[in-house]
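Notes for the structure review
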Amino acid sequence: MSGQWTIDPAERAALHARSLADPDGFWLEQARRLDWITPPRTAGDWSFAEEDFHVRWFADGTLNVAANCLDRHLATRADQTAILWEPDDPAHAPRRLSYAELHAETCRFANVLKGLGAGKGDRITIYMPMIPEAAVALLACARIGAIHSVVFGGFSADALAGRMADCGSTLLITADEGRRGGKRVPLKTCADEAAQIYDGLKTILVVRATGAEVPMQPGRDVWYDEAVAGVAAECPAEPMAAEDPLFILYTSGSTGKPKGVLHSSAGYLLWAALTHQVVFDHRPPETYWCAADIGWVTGHSYIVYGPLANGATTLMFEGVPNWPTPSRIWEVVDRHQVSILYTAPTALRALMKEGDGPVRATSRASLRLLGSVGEPINPEAWRWYHDVVGEGRCPILDTWWQTETGGHMITPLPGMPLKPGSATLPFFGVEPRLLDGEGRTLTGEAEGNLVIARSWPGQMRGVWGDETRFFETYFRTFPGVYTTGDGARRDADGYYWITGRVDDVINVSGHRMGTAEVESALVLHESVAEAAVVGFPHDVKGQGIYAYVTLNAGVEASDALRRGLRDWVRHEIGPIATPDAIQFAPGLPKTRSGKIMRRILRKIAEGETGGLGDVSTLADPAVVEDLVANRVG
Ligand code: 6R9
């Protein structure tokens, strides 16, 4: 160890260079971080070329992910807290599960799943609040080799049903209710509604979280606490091939239907564990807190798999950062002496609005490192995080990555010189490139499409149920490289600055939302003829959702209808998809071939009505004048 941090900038550069020059040596060495049943002799085996497209890592190795997160720690840290749970209501008591307890609980849960007929390769959907049983459910699936598909608890019954149908889940794990910011989330009610829509569901396993009375359908619904009574706390971990799928996670893309991103067992776990260890310079048994939800990839990699593989004490928070007071997040830091905090810019911007008082009212002396994820962090929020929250003492780790990448890709390591708003440099094994619109590689200082020129162990392995979609979505536009969908700029020091999505995906409060998904929901409404959705800058959410809606003939535009449409989208997808602005538009700007000109719609939503650019290809230029005149702002 040199100085305060484990890896200094010179070592970082040397390790990165080696990871690219000798990938097999580097990755086989790193693979020793995991506990293998059969250690691999091969590292990466991949080709991004269309005729020979494949991605495999450590393919001859076998292991079990849950055993890596639990069993191997029992000899050294059985009594250390594995999961430290902070409830929504600060008046309620926190819960602590030691590694021994988490192991026993996972085994019991796994045995219950087996008792319900689940096994290797089955898809199990998890729709849970942020309680320890959610993590236990993930680990229990991993233990028996079932593939979990977590659906964020804020998604609607429709969204839940669609995701279960897509991957053919017959078993759903949920809870009676969840708690968030003093409110109740009716999970079981939504699950019942989803079961009405998707009839392939055979069993709903219900964890008692709040104790609310919920209807139970005999023959289909099972209380977890009843099923687990008397069940053994030992369950052998299923040996899995490195490439066996660990989970599916649905994410939004440019098309209307979310895709089931499929991750592997070994490559994914190694990526989550290595990045968690190196980027956060993690030192157990210090308390580490990733304030995401388990429903997103950040929760998978950095609440559950990475930290537990590394023997961390991982804090799991049921609530929201600003309830019951705007000091809550900092109070939790003090209460549990958190060393590493990992959160999203949208949360920071919301808290920043409350001023420095709620932060200064707390100590935060335990903090050592501060992480950021989910969207570009604006320099103002970066400085506030650094100067006010961290009192200038903690490096800010602005980690750029995606559901598809499994873990961090472009990120600082502690000790490196930082620049507010830059995700800095690529992680080990990552080879970013910037391409212009024609696919030409840009060198030196440049701005363009961010692509990754080689495979890495944490890369997604496919889109569930669609053999060609993985290649078509990520490798068709620019042959031979992985297209991220993000734009980036590289400065004179080689630092990367992510500029945001270049496709039809918008980033609302750090959550990905496909514009086409919101449009599909809107046009399902009986009053709507056509809809076009774009993002616009929003001072807290990063981007807001702006919807242009053309009504059916004879339907009158009104504020009541506007509210109705917002509720409709909430019901169809979930609250995160609620449009911030709805503009009724008699017509949309289209080319003569009928293609909606989103560039123009984006400009109008952004309020940049002065420079609309070339509108000469429009079928009816008068449409634009009407849109500008009736902009909702
Ligand atoms: C981990 C996660 C991925 C998209 C990604 C990009 C944006 C994430 C970022 C960032 C700038 C960062 N994004 N981290 N942009 N700086 N540090 O968020 O996954 O939900 O799949 O979103 O989020 O646009 O393409 P996911």
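Residue indices begin from 1 for each chain and proceed along its sequence in written order. The predicted origin of the model limits local features to residues at a pLDDT of at least 70 and limits the giving and counting of side-chain atom pairs to 80 or more, whereas totals for whole chains, interfaces and linings rest on all residues. Each side-chain value is derived from all of the structure's non-hydrogen atoms; neither hydrogens nor water enter the calculation.

Moving on to the site of the ligand. Note on definitions. A residue lies near a molecule or strand when any single heavy atom of the residue is within 4 Å of it. In the vicinity of the ligand, 17 residues are found, and the nearest of them are D398, T399, T403, D486 and R501. At 2.5 Å, a side-chain N or O of D486 approaches an oxygen atom of the ligand. Here the ligand loses 96% of its free accessible area of 530 Å² to cover by the protein chains. To qualify as a helix, a DSSP run of H or I must reach at least 4 residues; to qualify as a strand, a run of E must reach at least 2; elements of each kind are numbered from the N terminus. When residues of the shell around the ligand are traced back to their parent elements, those giving at least two are α11 (297-309) and β26 (496-501). In the shell around the ligand, the residues fall into 6 nonpolar, 6 polar and 5 charged. In protein, a polar contact requires one atom able to donate a hydrogen and another able to accept it; more generally it is a pair of N or O atoms within 3.5 Å, and residues adjacent in sequence count only if both atoms are side-chain atoms. Working definition of accessibility: Shrake-Rupley area with a 1.4 Å probe, residue cover restricted to the visible protein chains. Under this grouping Gly is polar, as are all residues other than the nonpolar Ala, Val, Leu, Ile, Met, Phe, Trp, Tyr, Cys and Pro and the charged Asp, Glu, Lys and Arg.

Attention now goes to the packing of aromatic side chains. In this analysis, rings of Phe, Tyr and Trp, with Trp reduced to its six-membered ring, are considered paired at centre separations within 6.5 Å, and the interplanar angle assigns stacked below 30 degrees, edge-to-face beyond 60, and tilted for intermediate values. Under the definition given, this model contains 34 aromatic pairs. With a centroid separation of 5.9 Å and an interplanar angle of 70°, the aromatic rings of F155 and W296 are classed as edge-to-face. Separated by 141 residues along the polypeptide, F155 in the loop between β7 (147-150) and α7 (157-167) and W296 in the loop between β16 (287-290) and α11 bring together distant segments of the chain. Across the pair, exposure class does not vary: F155 and W296 are buried alike. Working definition: with a 1.4 Å probe on protein chains only, accessible area under 20% of the residue-type maximum means buried, over 50% means exposed, and in between means partly exposed.

For the rest of this paragraph, the subject is unusual backbone geometry. In this structure, P285 follows P284 across a cis peptide bond, with omega equal to 10°. Of note, P285 is situated in the loop between α10 (266-279) and β16. With omega at 0°, the peptide bond leading from W323 into P324 counts as cis. One non-glycine residue, F58, lies in the positive phi region at around 55°. Backbone geometry at Q337 places phi at a positive 50°, although glycine is not the residue there. Looking at the element boundaries, Q337 is found in the loop between α12 (328-336) and β18 (338-343).

A word on the sheet that holds strand β21 (residues 432-435). Judged by pairing direction, the sheet is antiparallel, and its 5 strands sit side by side in the order β22-β21-β23-β25-β26 without closing on themselves. With partners counted over all chains shown, the strands left at the sheet margins are β22 (441-442) and β26, one partner each. By definition, two strands form a pair when at least two bridges between them are found by DSSP. Looking at chain direction, β21 and strand β23 (residues 446-452) are connected through 4 bridges and run antiparallel. In the strand pairing of β23, P432 is matched with I452.

It is possible for side chains bearing opposite charge to pair when their charged atoms get close. Only one rule defines a salt bridge in this text: a Lys or Arg side-chain nitrogen within 4 Å of an Asp or Glu carboxyl oxygen. Summed over the entire model, instances satisfying the criterion amount to 41 salt bridges. The salt bridge involving E226 is made with R208; its shortest N-O contact spans 3.8 Å. Within this pair, whereas E226 is found in helix α9 (residues 224-227), its partner R208 is found in the loop between β11 (203-207) and β12 (221-223), the two being separated by 18 residues in sequence. Residue R208 is classed as partly exposed on the basis of its relative accessible area, which comes to 38%. Through salt bridges with shared partners, one network takes in K188, D192, R220 and D221.

Now for the UniProt feature "binding site: ATP" (unreviewed entry) in the protein. The sites that carry the UniProt feature "binding site: ATP" (unreviewed entry) are, in the present numbering, G374, E375, P376, D398, T399, W400, W401, Q402, T403, D486, R501 and R512. Position of G374 relative to the elements: it lies in the loop between β19 (369-372) and α15 (379-389). The exposure class assigned to G374 is partly exposed, which follows from its relative accessible area of 33%. Contacts were defined at the residue level, with two residues in contact if any of their heavy atoms lie within 4.5 Å. G374 has contacts with N507 and G510, leaving out every residue within four places of it along the chain. Counting through the fold element by element, W400 comes out in the loop between β20 (396-398) and β21. UniProt positions are given in the numbering used here, feature names are shortened, and annotations may be inferred rather than shown by experiment.

Another aspect to go through is the nonpolar core. The term nonpolar core refers to a set of buried residues drawn from Ala, Val, Leu, Ile, Met, Phe, Trp, Tyr and Cys, joined through side-chain atoms within 4.5 Å. Membership of the largest hydrophobic core comes to 157 residues, with the highest contact counts inside it found for F109, L113, Y305 and V549. Excluding anything up to four places from it in sequence, Y305 contacts V65, C69, L138, L139, A142, H148, L246, F247, Y268, L269 and H300.

Another aspect to go through is the pairing of strand β14 (residues 245-251). Counted residue by residue, β14 has 6 buried out of 7 residues, so it is predominantly covered. With 2 bridges connecting them, β7 and β14 associate as parallel partners. Paired with H148 across the two strands is F247, which belongs to β14. By the bridge criterion, 6 bridges tie β14 to strand β15 (residues 259-264) in an arrangement that is antiparallel. Looking across to β15, one finds that T251 is bridged to K259.

This part takes up the environment of A146. When you line up the elements, A146 lands in the loop between α6 (132-144) and β7. Setting aside residues up to four positions removed in sequence, A146 forms contacts with G119, K120, G121, D122, I124, C141 and L246.

Tracing the backbone shows N68 in helix α3 (residues 65-69). Among the polar contacts made by the side chain of N68, one reaches the main-chain amide nitrogen of D35 at a distance of 2.6 Å. Other than its neighbours up to four places away in sequence, N68 contacts L34, D35, L63, H73, L269, L308 and A309.

Turning to the pairing of strand β1 (residues 44-47), a few remarks are in order. Note that β1 and strand β2 (residues 54-57) share 4 bridges and pair antiparallel. Directly across from G44, in β2, lies its bridge partner W57. Taking the residues between adjacent antiparallel strands as the criterion, β1 and β2 are bridged by 6 residues.

Another point: the confidence of the model for the protein. Caution applies to low-pLDDT parts of the model: their predicted coordinates are not meant to be read in detail. Every residue is assigned a pLDDT by the predictor, reflecting its confidence on a scale from 0 to 100. For the protein, the average pLDDT comes to 96, and 100% of its residues sit at 70 or higher. Two numbers describe this predicted complex: its pTM, 0.95, and its ipTM, 1.00.

Our focus in this paragraph is the UniProt feature "domain: Acetyl-coenzyme A synthetase N-terminal" (unreviewed entry) in the protein. The sites that UniProt annotates as "domain: Acetyl-coenzyme A synthetase N-terminal" (unreviewed entry) are residues 14-69. Along residues 14-69, the helical share is 38% and the strand share 18%, with 29 Å between the first and last C-alpha atoms.

Glancing now at the sheet that holds β20. In space, the 7 strands of this open sheet follow the order β5-β4-β17-β16-β18-β19-β20, with mixed pairing throughout. The sheet terminates laterally at β5 (95-98) and β20, the two strands that pair on one side only. For this sheet, the mean angle separating the axes of adjacent strands, direction not counted, is 20°. Pairing of strand β4 (residues 81-86) with strand β17 (residues 313-317), which is carried by 4 bridges, proceeds in the parallel orientation. In the sheet register, E86 faces β17, and the bridge partner there is F317. Between N-to-C directions, angles span 0 to 180 degrees; the directions come from axes that are lines fitted to C-alpha atoms, helices contributing only their stretch in contact. Across the sheet, α15 is in contact with β18, β19 and β20; its angle to β19 comes to roughly 160°.

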